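# Descriptive analysis of the structure
Single-letter residue listing:
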Amino acid sequence: MTIPLACQEQLLPGVDLIQKHALAAALGFDGLELRGRGDLSFARRLPELRRARAAGVAMPTVCVEMDHFIGDFDPERSRDAVANLRSQLSVVAELGGIGVMTPASWGMFSRRLPPFEPPRPPAGDRRLLLDTLGELAEHARAEGVTLFLEPLNRYEDHMVNRLDEAVALCAAVGLPSVRVVADTFHMNIEEDDVHTALRAAAPYLGHVQVSDSNRCQPGAGHLDWPALVRTLLEIDYRGWLALECRLRGEPVRALHQATTVLRHAEPRQVAA
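Anyway, here's the lowdown on the structure attached to this text. Predicted model, so just to flag it, every value in this text is computed and none were measured.

### As for the sheet that holds strand β7 (residues 205-210)
Overall, parallel pairing links the eight strands, which are arranged β1-β2-β3-β4-β5-β6-β7-β8 in a closed barrel. Averaged over all pairs of adjacent strands, the angle between their axes in this sheet comes to 30 degrees, without regard to strand direction. Relative to strand β8 (residues 241-243), strand β1 (residues 5-8) runs parallel, the two being bridged by three bridges. When the sheet's bridge partners are listed, Cys7 is paired in β8 with Leu243. Sitting on the sheet, helix α6 (residues 163-173) touches β5 (146-150) and β6 (178-183), and the angle it makes with β6 is about 170 degrees.

This is the structure in structure tokens:
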């Protein structure tokens, strides 16, 4: 089995999604992961996105790109994040995609930096996340797509850092339309054993984002890509690998390095 590869749209040179997709395909990618900005701007891209879909551009997933998220301390900002995600889920459904991903928060608070204790207790975090994830999971189910919850490392978020924490929230929501994102960069920081964490999360694992240990493209750091891909194949992972990283070196060459490393990480098929 070959796991399909996606490249986030902003990493590719090109004047539009059709041109970006053509380059991505030439480099060995199978599709594009889109970026979903706030202010409901993603829905305003629908004419562009419809043209791309008509031209055969595969756009399976959307990675949210906002400055506030569902776990925000400010109730109005949390509600705005929910409204944007509802809109993005509807758009990706129209495009024939599979879902939209979000962290609990990003850059809002870290227990590893002063003042160390957030203004809302863990029980309040959990209530808010279950309420917002439940609403979004219902909307995703109605649209026939999935909401993906992404754990971030301890310096970027204080609420959901590991796969098991995200799995526990998904299990509490109890709907198959909310699943977990595994990001190799964050896992390299937070998980005691990446492979054990992936195996434990397997029933809830819906999407995987890839970058190396230094947040650059696969092959620029020290992660063991053959071992990671082997684990995903062993757990029968059926989703995508989406490249979310910084590019070290000339962009096209760096992207080619990424696909080469990931494709070579797959076990070779032996002819009968």
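### A closer look at the nonpolar core
Ranked by internal contacts, the top residues of the largest apolar core, which has 72 residues, are Leu133, Leu198 and Leu243. In contact with Leu133, not counting residues within four places along its chain, are Ile70, Leu147, Leu149, Leu169, Val173 and Val178.

### Thoughts on the pattern of salt bridges
If you walk through the whole model with that rule in mind, you get 21 salt bridges. Across the salt bridge formed by Asp72 and Arg77, the nearest N and O atoms sit 3.1 Å from each other. Under the relative-accessibility criterion, Asp72 is labelled buried at 8%. Overall, Arg77 belongs to the partly exposed group, its relative accessible area being 31%. The shortest N-O distance in the salt bridge between Glu165 and Arg162 comes to 3.2 Å. Residue class for Glu165 comes out partly exposed when judged on its relative accessible area of 23%. One salt-bridge network, in which partners are shared between bridges, spans Arg35, Arg37, Glu65, Asp183, Arg215 and Glu244.

### A short note on the packing of aromatic side chains
All told, the structure shown has one aromatic pair when counted by the stated rule. Relative to Phe109, the ring of Phe73 has its centre 6.3 Å away and its plane inclined at 70 degrees; by these criteria the two rings are edge-to-face. One end of the pair, Phe73, is in the loop between β3 (61-65) and α4 (75-94); the other, Phe109, is in the loop between β4 (99-103) and α5 (122-143), and 36 residues separate them in sequence. Judged by relative accessible area, Phe109 falls into the buried class, the value being 12%.

### Here we look at the packing of α4 against α5
Their axes nearest at 10 Å, the elements α4 and α5 cross at an angle of 20 degrees. With respect to α5, the element α4 is oriented roughly parallel. The interaxial crossing formed by α4 with α5 has right-handed handedness. When α4 is examined against α5, the residues Ser78, Arg79, Val82, Leu85, Arg86, Leu89, Ser90 and Ala93 are found in contact with a partner set consisting of Leu128, Thr132, Glu135, Leu136, His139, Ala140 and Glu143.

### Examining helix α1 (residues 17-27)
Of all the residues in α1, the buried ones are Leu17, Lys20, His21, Ala24 and Leu27. Around the axis of α1, the buried residues are gathered within 120 degrees of arc, so they sit on the same side. Contacts made by the buried residues of α1 are with β2 (31-37), α3 (46-54) and α10 (251-265). For α1, the N-terminal cap is Asp16; the gap from its side-chain oxygen to the backbone nitrogen of Ile18 is 3.2 Å. One or two positions beyond α1, positive phi appears at Gly28, with a value near 110 degrees.

### Quick look at the pairing of β4
Taken across its five residues, β4 has five buried, putting it largely inside the fold. A two-sided burial pattern is seen for β4, the buried positions comprising Gly99, Met101 and Pro103 on one face and Val100 and Thr102 on the other. In terms of strand pairing, β3 meets β4 through three bridges, oriented parallel. If you follow Cys63 over to β4, its bridge partner there is Met101. After leaving β3, the chain enters α4 and then returns to the sheet as β4, a path that is right-handed. Bridge analysis of β4 against β5 gives five bridges, and the strand direction is parallel. In the strand pairing of β5, Pro103 is matched with Glu150. Traced from β4 through α5 to β5, the parallel crossover comes out right-handed.

Each value, and the rule that gives it
Every chain's residues receive numbers from 1 upward, in the order its sequence appears when written. It should be noted that, the model being predicted, local features are given only for residues of pLDDT at least 70 and side-chain atom pairs only at 80 or more, the latter also being counted only at that level, while totals for whole chains, interfaces and linings use all residues. Excluded from the side-chain calculation are hydrogens and water; included are all heavy atoms of the structure. Strands pair, by our definition, only if DSSP identifies at least two bridges between them. Strands here mean DSSP runs of E at least two residues long; helices mean DSSP runs of H or I at least four residues long; both are numbered from the N terminus. Simply put, an axis is a line fit to the C-alpha atoms, just over the touching stretch for a helix, and the angle between two N-to-C directions goes from 0 to 180 degrees. Here a residue-residue contact requires only that any non-hydrogen atoms of the pair lie within 4.5 Å. Residues belong to a common nonpolar core when they are buried Ala, Val, Leu, Ile, Met, Phe, Trp, Tyr or Cys residues joined through side-chain atoms within 4.5 Å. Burial status follows relative accessibility: with a 1.4 Å probe on protein chains alone, a residue under 20% of its type maximum counts as buried, one over 50% as exposed, and anything between as partly exposed. Salt bridge, as used here: a side-chain nitrogen of Lys or Arg that lies within 4 Å of a carboxyl oxygen of Asp or Glu. Two rings from Phe, Tyr or Trp (for Trp, the six-membered ring) form a pair when their centres are within 6.5 Å of each other. A pair whose planes differ by under 30 degrees is stacked, one over 60 is edge-to-face, and the rest are tilted. Any angle from 65 to 115 degrees is called roughly perpendicular, while one under 35 is roughly parallel, one over 145 is roughly antiparallel, and all others are oblique. Two helices crossing with the near one rotated counterclockwise from the far one by less than a right angle form a left-handed crossing, whereas a clockwise rotation gives a right-handed crossing. What the arc describes is the spread of directions from the helix axis to the C-beta atoms. N or O atoms within 3.5 Å of each other form a polar contact, as long as, within protein, one can give a hydrogen and the other can take it, and as long as residues adjacent in sequence are counted only when both atoms are side-chain atoms. Here the term right-handed applies to a crossover when the path leading from its first strand over the helix to its second strand runs clockwise, the strands being oriented away from the viewer.

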